[in-house]
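Here are the chains, one letter per residue:
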Amino acid sequence: MDIAAVSMALAQASQLSQVGTAVLSRAMESSEALGQGLVEMMDSAMELSVNPGVGANIDIRI
């Protein structure tokens, strides 16, 4: 392999790594937003519940 081919291969690998990192960053941001939405939905469901204490505790005896 000549120097030009090695240089092009390294540049391509670097670019692919940067693209992969950007995609993972977007996926993490999306997951975080979905998680926050889920928490807010659960909080609002507990506030609207007629009996907010029902189902909040589990009594297990063996």
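None of these values were measured; they are calculated from a predicted model.

Chemist: Would you explain the overall build of the chain in this entry?
Modeler: A tally of helices and strands in the chain yields 1 helix and 0 strands. Evaluated residue by residue, the chain yields a buried proportion of 0% over its 62 residues. Surface exposure of the chain reaches about 5,900 Å², of which carbon and sulfur atoms provide 63%.

Chemist: Would you mind showing me how to read a nonpolar patch on the surface here?
Modeler: A cluster of nonpolar side chains, contributed by Leu-38, Met-41 and Met-42, occupies part of the molecular surface with about 320 Å² of accessible area. Mapped onto the secondary structure, Met-41 falls in helix H1 (residues 3-48). You can call Met-41 exposed: its relative accessible area is 52%.

Cut-offs used in this document
Residues numbered from 1 in each chain as written. Predicted model: local features only at pLDDT ≥ 70, side-chain atom pairs only at ≥ 80, totals over all residues. Heavy atoms only, no water. Helix = DSSP H or I, 4+ residues; strand = E, 2+ residues; numbered from the N terminus. Buried < 20%, exposed > 50% of the residue type's maximum accessible area, 1.4 Å probe, protein only. Areas by Shrake-Rupley, 256 points an atom, 1.4 Å probe, with all protein chains shown as cover. Patch = residues over 30% accessible without salt bridge, like charges linked within 9 Å, V, L, I, M, F, W, Y side chains within 5 Å. Salt bridge = Lys/Arg side-chain N within 4 Å of Asp/Glu carboxyl O.

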